[in-house]
Amino acid sequence: MLAPKRSNLGGNPSHLLPSELVDRCIGSRIWILLRGDKEIVGTLKGFDVYVNMVLEDVIEYEITPEGKQETRLSQILLNGNNIALLVPGGKPEGVV
């Protein structure tokens, strides 16, 4: 899905629409913080107007009373209503 191009922006990345930024992340690693105590890192394959996302090579991190739990999944469809924050580039090293 491509957002409409706006010619008067002059290519300044600070003037990107949110959908344009997400579109630029297709094929790249992305770190997603969800509502609650879950985080997801995966390769973005696609998304729709509701920001539902298809991700591959996914690692789900969940903070539980027993500690940090990691789950690996080959592919997921993530409901956009659960997303609190998107970080292009994947999870930085050393972040818990």
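Please read these numbers as outputs of a predicted model, since none were measured by experiment.

### Description of the overall build of the protein
Of regular secondary structure, the protein possesses 1 helix and 5 strands. Shown N-terminal to C-terminal, the secondary structure of the protein runs as helices and strands in the order α-β-β-β-β-β. Split into buried and exposed, the 96 residues of the protein put 32% on the buried side. Of the roughly 6,300 Å² that the protein leaves accessible, carbon and sulfur atoms contribute 53%.

### Focus on the side chain of Thr43
Position of Thr43 among the secondary structure elements: in strand S2 (residues 38-47). If sequence neighbours within four positions are ignored, Thr43 has contacts with Gly27, Ser28, Arg29, Val54, Leu55, Glu56 and Asp57.

### As for the confidence of the model for the protein
In the predicted model, the protein carries a mean pLDDT of 86, and the fraction of residues at 70 or more is 82%. Looking over the protein, one finds the lowest element-wise mean pLDDT in helix H1 (residues 18-24), namely 88, and the highest in S2, namely 96.

Conventions we followed
Residues numbered from 1 in each chain as written. Predicted model: local features only at pLDDT ≥ 70, side-chain atom pairs only at ≥ 80, totals over all residues. Heavy atoms only, no water. Helix = DSSP H or I, 4+ residues; strand = E, 2+ residues; numbered from the N terminus. Buried < 20%, exposed > 50% of the residue type's maximum accessible area, 1.4 Å probe, protein only. Areas by Shrake-Rupley, 256 points an atom, 1.4 Å probe, with all protein chains shown as cover. Contact = heavy atoms within 4.5 Å. pLDDT = per-residue confidence, 0-100.

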